[in-house]
Structure formats: structure tokens, C-alpha cells
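Residues per chain, in single letters:
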Amino acid sequence: MSKLLRIGVLASGGGTNLQAIIDRCQDGSLAAEITVVIANNPGAGALERAGNAGIPTLCINHRDFSRREDFDSAVVEALQDAGVDLVVLAGFMRIITPTFIAAFPERVINIHPALLPAFPGLHVQQQALDYGARFSGCTVHFVDGGVDTGPIIIQAVVPVLPEDTAEALAARILEQEHRIYPRAIQLIAEGRVSVDGRRVIISPACPATPKALVNPATEG
Ligand code: GAR
């Protein structure tokens, strides 16, 4: 068997993206091994999900640190101790510092529940609704110094429906997150992902994407 990509997952919340990654590792469609799951708050459901899967967990509570940099240094040290090749932010609600990124150059990825560069930041499903966007979706991207600004690896598009609430839209987006996050990690595990300025090159290329989506749909 070829070498598995060693990943460290950082989470703050329920951990459904973590669960999708665990499931794909277990069914063999993702050639990766989660070597540590770190949460910044003790109540994170992600810790329980990791524990159930027998994955080592750590809670590094950001409230125990007066400086953001010191929290990040503690997390970086734990990731290095776990021999991590790739850092996967899965619902991790802390902004990470340049020191963190310098420790894992082009080796930190994030998932965001909107079609970046539209709607970075927080409460983005509500933002998409309020704006009247016809499509939203989710984005997996490399993390750079900005908030949700790094080069984009993969996106999924989700239509916004007339009767949508932020919760309903978030649930449909989350379903797609669970598809594209393991996929992005697998592409990295296969060594197919490189960064050229803002653009991410996948080589060899993936199959062609449908030509266009229209919402509201055209008649007939
Ligand atoms: C996901 O929707 C993820 O995209 C979002 O938090 C949720 C975590 O869900 N992340 C962000 O908004 C990051 N800025 P999960 O804990 O069930 O994976």
C-alpha cells in the first residue's frame, strides 16, 4: 500500500465535515490518515466523533492564551508532534496567524460555506439570501494571510430556492461540503494539486464539469 497522507484536523463545532473525512478514510476512498484532531473548545462535537473513531484528540482552548500567536504556536507544536503533512480546517472558527501558515506553507486548507470570493466571513448563508443571490455553495481553498482569500481548489454550486431559510440553505450546502472536502484532500494525497499564483492547477485534470447551471431554470 502506498503511503497515506497524514492529516491534522482543526475544528470548533459539530464536526460533520470531520465525520465525512473519517468515513472516506475508513471506506478507502481517501488515502489519508487523521493523526490528530484538535478543537479550540471543550464542547466541540468533533472531539467526540474523533474519539469514537479511535483518533487521538486534543483540546487547546484559545481562552487559555492571552495572545493569538501563543495559541497558534501551541497548535502548531501539536500538529508537528503528530507528524502532520496537511492541516485541514473543518469548521474551525479562529483566524490563524502568519506564523501558523509559515509552519505549513501551502499545507493548510479550509472549507467555507459560500462561493468565494462572494460572502467571506460569518453568517454567509444569510448573507447570500439577503443579497438575493441565485446560487451559493461551498469552497475548499488554501489558507493564506487573509480571511477566506486563498487559492481555490474546488467548489460546489447550490441553488438558492425561493422558500429558503438560512438553515435550509446551510443544510444543502453542508451536504456538498461533505462531498468536496474529502475529494480535495484526495487530490492533494495523489500529488495532483499545485499552486500558480492565485490559480490551483490539478494535474492530470479532472473530468469536464457540466457547461452551465441556470436558476431559475429555463422553461422546457
Ligand atoms: C461548515 O459549514 C463549514 O463550512 C463552516 O462551519 C461549518 C462547520 O460544520 N466553516 C466556516 O464557516 C469557516 N469560516 P461542521 O462542524 O459540521 O463540519
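Details of the structure are given in the entry above.
Residues numbered from 1 in each chain as written. Predicted model: local features only at pLDDT ≥ 70, side-chain atom pairs only at ≥ 80, totals over all residues. Heavy atoms only, no water.

### Here's the deal with the nonpolar core
Ile 7, Ile 34, Ile 109 and Ile 185 are the most contacted members of the largest nonpolar core, which totals 44 residues. If one sorts the elements of this core by residue count, helix H6 (residues 166-189) sits on top with eight residues. Discounting chain neighbours no more than four positions away, the residues touching Ile 185 are Leu 5, Ile 7, Ile 21, Leu 30, Ala 32, Leu 86, Val 88 and Ile 109. (Core = buried A, V, L, I, M, F, W, Y, C linked by side-chain atoms within 4.5 Å. Buried < 20%, exposed > 50% of the residue type's maximum accessible area, 1.4 Å probe, protein only. Helix = DSSP H or I, 4+ residues; strand = E, 2+ residues; numbered from the N terminus. Contact = heavy atoms within 4.5 Å.)

### Re the packing of aromatic side chains
We describe a pair of aromatic rings using the distance from one ring centre to the other and the angle between the two ring planes. Taken as a whole and assessed by the stated rule, the structure comprises three aromatic pairs. Ring geometry for Phe 119 versus Tyr 131: centroids 5.8 Å apart, planes at 70°, classification edge-to-face. With Phe 119 in the loop between strand S5 (108-112) and helix H5 (124-131) and Tyr 131 in helix H5, this residue pair connects regions lying 12 residues apart in the sequence. Judged by its relative accessible area of 66%, Tyr 131 falls in the exposed class. (Phe/Tyr/Trp six-rings, centres within 6.5 Å; stacked < 30°, edge-to-face > 60°.)

### Overview of the sheet that holds strand S3 (residues 57-59)
What the seven strands build is an open sheet, ordered S3-S2-S1-S4-S5-S6-S7; its pairing is mixed. Among the strands making up the open sheet, the edge pair consists of S3 and strand S7 (152-159). Neighbour-to-neighbour, the strand axes of the sheet open up by a mean angle of 20°, direction not taken into account. Of the pairings in the sheet, the one linking S5 to strand S6 (residues 135-142) comprises four bridges and is antiparallel in character. Among the inter-strand pairings, His 112 is bridged to a residue of S6, identified as Thr 139. On top of the sheet, helix H3 (residues 68-81) reaches strand S1 (5-11), strand S2 (32-39), S3 and strand S4 (86-89); it is set at about 155° to S2, its chief contact. Against the sheet, H6 contacts S1, S2, S4, S5, S6 and S7, and its axis sits at roughly 155° relative to S7. (Pairing = 2+ DSSP bridges. Axes fitted to C-alpha atoms, helices over the stretch in contact; angles between N-to-C directions.)

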